[in-house]
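# Coordinate analysis (summary)
Chain residues, written in single-letter form:
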Amino acid sequence: MRSRLLLAFVLLATLGCSDGEERGGPAPQTVTLTAGDTTIDIDTGRGSIELRRGDLTVLTLPADAFVLGSVAEVDDSANYDPAPLMNQDPAANEPEGLAWHRGGRLSVTQSTETSVTLRVRHSGGFESEVELSVAADDRFRATLRPLDADRLAYLGLSAKVGADEAFYGLGEYFDSVNHRGKVRAMQLEATGALESTNNEAHVPIPFVTGTRGFGLFVENPYPAAFDVAKADPARVAATFGTGLASAEGLAFHLFSAGHPLDVTRHYYEVTGYPRLPARWGLGPLVWRDENDDQSQVEADLTAMRTLDLATSAIWIDRPYATGVNTFDFDPKKFTDAPAMIAKAHALGFRMALWHTPYLDEKDPSTQSLRDEATDKGYYPKQTGILLNKWGKPIDLTHPEAFAWWQSRIQKYVDLGIEGFKLDYGEDVVPGIFGARNVWKFADGSDERTMHARFPLFYHSAYAELLEDEGHFLLCRGGTYGDQKNVSVIWPGDLDASFAKHGEQITIDGKKSGAVGGLPAALIAGLSLGPSGFPFFGSDTGGYRHSPPNKELFTRWFQVTALSPVMQIGTSTNDVAWEPTAENGFDAEMLGWYRSYTRLHLRLFPYIWTYAKRLKVDGRPIQRALGLAHPELGEHPDDTFLLGDVLLVAPVVEQGKTSRDVLLPEGEWLDWWTGKAFTGGKHVTVAAPLGTLPLFLKRGGIVPLLRPTIDTLSPTTDPSVDSYATTPGVLWARIAPGPASTFELFDGTKLEQEDLGSSLRLAKQDGSELEHGVVFERIGMAKAPSEVTEGGQPLENAGGLAALEAKASGWAFEQGVLLIKVQSGPRSVIVKY
């Protein structure tokens, strides 16, 4: 049985003529559709559809790319999830009479300048139509639709790709940034291979990008799996278990771009651009898994300010309410919640809460809400197996239930809560061990599509109550299009360890595959960016098997400091300022933590600029090295770029104090020392525990907030240094090189140009950052001979402390040249 299944899926993914296909037929036809710099070239004689960009074929759909899967009879009670079959799962149940029918001949039935309809003849006497049309420049819409779907349970595409190409996207995965050689399920699946008992597919997205510059997005919510060059190294095959909905066909989109980083923009044009979090939502944010009471929360707020730990927000995890979910604060623990929120605001913190879509069925405190939900029909009409500890979720497809739930959430918003951590809500899975996990909802849908669509209802219930760019939704799950609701994805409960995903670990004497720790967190974030979720923040320190030790916590906060979002917390309530015998934290580590949390906060103008650019170019903020530089031919899981000019090479292995780094072409300067490294090769760099390997590209400009910044949130306490009070003097770290300009989110422009014997620096103010600039030129061997601004000499202040007190001037300390200029247009010349 299993060998026959494997053969079937190899056939699905490989080239070849259909059995018994006629050789005669209409004369060959050729059709070309043009969309910007991209064409679709159809040649029925060769039986191929080529997606081309100039002279380069980036993807091919041969006739046999279109696949229909038939069964003896399509059974409404059957689960047609293809992932267990494609993964050769021993528990997979092959439907009776399963047969695969590949396309064997193409013919054109209709064409215009912008569209074409093809007839596809498949083995077994089946036929289908493929419609292709121009959607926009470099973007095409398409549909595969069977002409007779009576016995069809599966629809598939098997694209021909580069045999050595790498593939990114497909959502959140934890084992590798490059999906080549993997089968990726598009839904949660039960598995005994991991300690969590599921495949951890919390954010599966049916959208893949190839490094040749193509994108394939299959817009269908039915259970699916992608074979990414596993059965055949030159094929990417997507199979959907459409069952009784097979007649509706399979909608898909083809994209192309000159660089693979630019493919995601097309996906956003189809599904919607990401909703940006509040500025303070970038963090740092701090939380405990369980707060004792209000006094502990307030003590944490005070401690972070007293210890000078840069933080913009906190959230309170459960339990804080009387019950899950009573939409209140437990008066026994939180005696005056409004006063607590007011104190947080006064000290420059925003506040969020943990939440779920349930009413605890075992808690008497939720009885009245449960009675109301039952009486009004606010629960699903039928529920399957529940994957939570509280009970049935509210049926948010029911308009009145949706409004009712929102009216309860509004109580928290009215108190001053500005964000939510949305946990769970993943009960709706299409099958359990091969059988249907039947759910029925008020809108007529069931688990076969709601496994993908329920997150849209769940997350939008909260998103609609929060202001654009003034809200924060941290979500565990997601689906295509959900980026319009979700601010940030967090990867659920990762291990508090250096374990890789799937690595064998021992738990209570039993061996199991690890969900994964720090290496898995890094890979997840790099996978999500090109999948349409550019904001990601893992639990710094991990969650399962907490607490983290000093080494792990340090290496983890180094990674999250250079990520779009930095959120910090563990399942054992560890905070950096509370050393215990179990975690081994100490004053040395607290000092490092202080430095890296402040670095993350200082990077706000750099990160936010790329956040605002999402609507311009769609490029991920955090970029796997192999996606950003496919020309290198390598795809490491532990190296990435933050924006265009910062290369981050964190240490994710226990005990390592040095590491190998692959640097792209050009010259790269060590962020901390200014030491120059020649790129285009591997280099070995020192990485003692307190140091993150971090590099600035020659010619790069990184705008920063001032070194004293405490928060992005408003404050009424004059001792708290907040961006909301004043953006203050902008800092800009420079690695001199060929002329470059960095335009910030508010229109501020920073320029640099290395002229050999001199350096030119310039700036123009924007709408916010208009209080002057401190240029920070790293990697200088000695002080300059002269610094002029507008042709007039600037005074040497003698040191940083003296420079800070002056309106303008310069100073040279330990290989770093600092030049301060006032507001308004400025041009500086530094002579060596």
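Coordinates for the structure precede this section.
Okay, so let's go over this structure.

Calculation notes
- Residues numbered from 1 in each chain as written.
- Predicted model: local features only at pLDDT ≥ 70, side-chain atom pairs only at ≥ 80, totals over all residues.
- Heavy atoms only, no water.
- Helix = DSSP H or I, 4+ residues; strand = E, 2+ residues; numbered from the N terminus.
- Buried < 20%, exposed > 50% of the residue type's maximum accessible area, 1.4 Å probe, protein only.
- Polar contact = N/O pair within 3.5 Å; in protein donor to acceptor, adjacent residues only side chain to side chain.
- Contact = heavy atoms within 4.5 Å.
- Pairing = 2+ DSSP bridges.
- Axes fitted to C-alpha atoms, helices over the stretch in contact; angles between N-to-C directions.
- 1 Å grid on protein atoms, 1.4 Å probe; cavity = no way out; pocket = protein on both sides within 12 Å on 5 of 7 lines; lining within 4 Å.
- Points joined across faces, edges and corners; volume = space filled by probe spheres on them.
- Nonpolar A, V, L, I, M, F, W, Y, C, P; charged D, E, K, R; others polar.
- Core = buried A, V, L, I, M, F, W, Y, C linked by side-chain atoms within 4.5 Å.
- Parallel < 35°, antiparallel > 145°, perpendicular 65-115°, else oblique.
- Salt bridge = Lys/Arg side-chain N within 4 Å of Asp/Glu carboxyl O.

Looking at the element boundaries, Glu 426 is found in the loop between strand 21 (419-422) and strand 22 (431-432). Judged by relative accessible area, which is 18%, Glu 426 ranks as buried. Of note is the side chain of Glu 426, whose polar atom sits 2.7 Å from the side chain of His 202. A polar contact is formed between the side chain of Glu 426 and the side chain of Arg 476, at a distance of 3.4 Å. Leave out the neighbours within four places in its chain, and Glu 426 touches Leu 188, His 202, Tyr 358, Leu 387, Arg 476 and Gly 477.

The next subject is the sheet that holds strand 46 (residues 809-813). Strand pairing in a sheet is mediated by backbone hydrogen bonds. Such pairs are either parallel or antiparallel. Strand order in the open sheet made by the five strands is 38-39-43-47-46, with mixed pairing throughout. Strands with a single pairing partner mark the edges of an open sheet, and in this sheet they are strand 38 (701-704) and strand 46. Along the sheet, successive strands turn relative to each other by an average axial angle of 20°, direction set aside. Against the sheet, helix 12 (residues 604-617) contacts strand 38 and strand 39 (730-734), and its axis sits at roughly 110° relative to strand 38.

Turning our attention to the layout of surface pockets. Quantified by volume, the largest pocket comes out at close to 740 Å³. Broken down by secondary-structure element, the contributors of at least two residues to the lining of the largest pocket are helix 2 (83-86), strand 12 (182-185) and strand 22. Taken together, the residues of the lining of the largest pocket sort by class into 15 nonpolar, 11 polar and eight charged. Here the second largest pocket defines a volume of roughly 640 Å³. In terms of lining, the second largest pocket is formed by 24 residues, of which the most central are Arg 602, Trp 672, Arg 733, Glu 776 and Val 816. Among the secondary structure elements, those contributing two or more residues to the lining of the second largest pocket are helix 11 (587-602), strand 39, helix 14 (800-804) and strand 47 (816-821). Of the residues forming the lining of the second largest pocket, the biggest block, five residues, is contributed by helix 11. Taken together, the residues that form the lining of the second largest pocket break down as 10 nonpolar, eight polar and six charged.

We now examine the nonpolar core. For soluble globular proteins, the rule of thumb is that nonpolar side chains tend to be buried together. Residues Phe 420, Leu 562, Tyr 606, Leu 646 and Ile 819 are the most contacted members of the largest nonpolar core, which totals 195 residues. No other element matches helix 9 (residues 518-528), which puts eight residues into this core. Grouped together as the second largest cluster of nonpolar side chains are 50 residues, Leu 51, Phe 140, Ala 159 and Val 228 included.

At a minimum axis separation of 9 Å, helix 10 (residues 550-561) and helix 11 run at an interaxial angle of 10°. Comparing the axis directions of helix 10 and helix 11 gives the class roughly parallel. Here Lys 550, Phe 553, Thr 554, Phe 557, Gln 558, Thr 560 and Ala 561 of helix 10 come into contact with helix 11, specifically with Glu 588, Met 589, Trp 592, Tyr 593, Tyr 596 and His 600. Taken together, the residues of the contact of helix 10 with helix 11 sort by class into seven nonpolar, four polar and two charged.

Bridge count for strand 42 (residues 758-764) against strand 48 (residues 826-831) is six bridges, and the pairing is antiparallel. Residue pairing for strand 48: Ala 762 is matched across the bridge by Ser 827. Relative to strand 48, strand 44 (residues 786-789) runs antiparallel, the two sharing four bridges. Looking across to strand 48, one finds that Thr 788 is bridged to Ile 829.

Next up on the list: the pattern of salt bridges. A complete count under the given rule lists 48 salt bridges for this structure. A salt bridge links Lys 550 to Glu 588; the nearest nitrogen and oxygen atoms lie 2.6 Å apart. In this pair, Lys 550 is assigned in helix 10 and Glu 588 in helix 11, connecting sequence segments 38 residues apart. Three or more residues are tied together by salt bridges with common partners; here these are Asp 41, Asp 43, Arg 46, Glu 50 and Arg 52.

Fair warning: the whole summary comes from geometry, so function is off the table for now.
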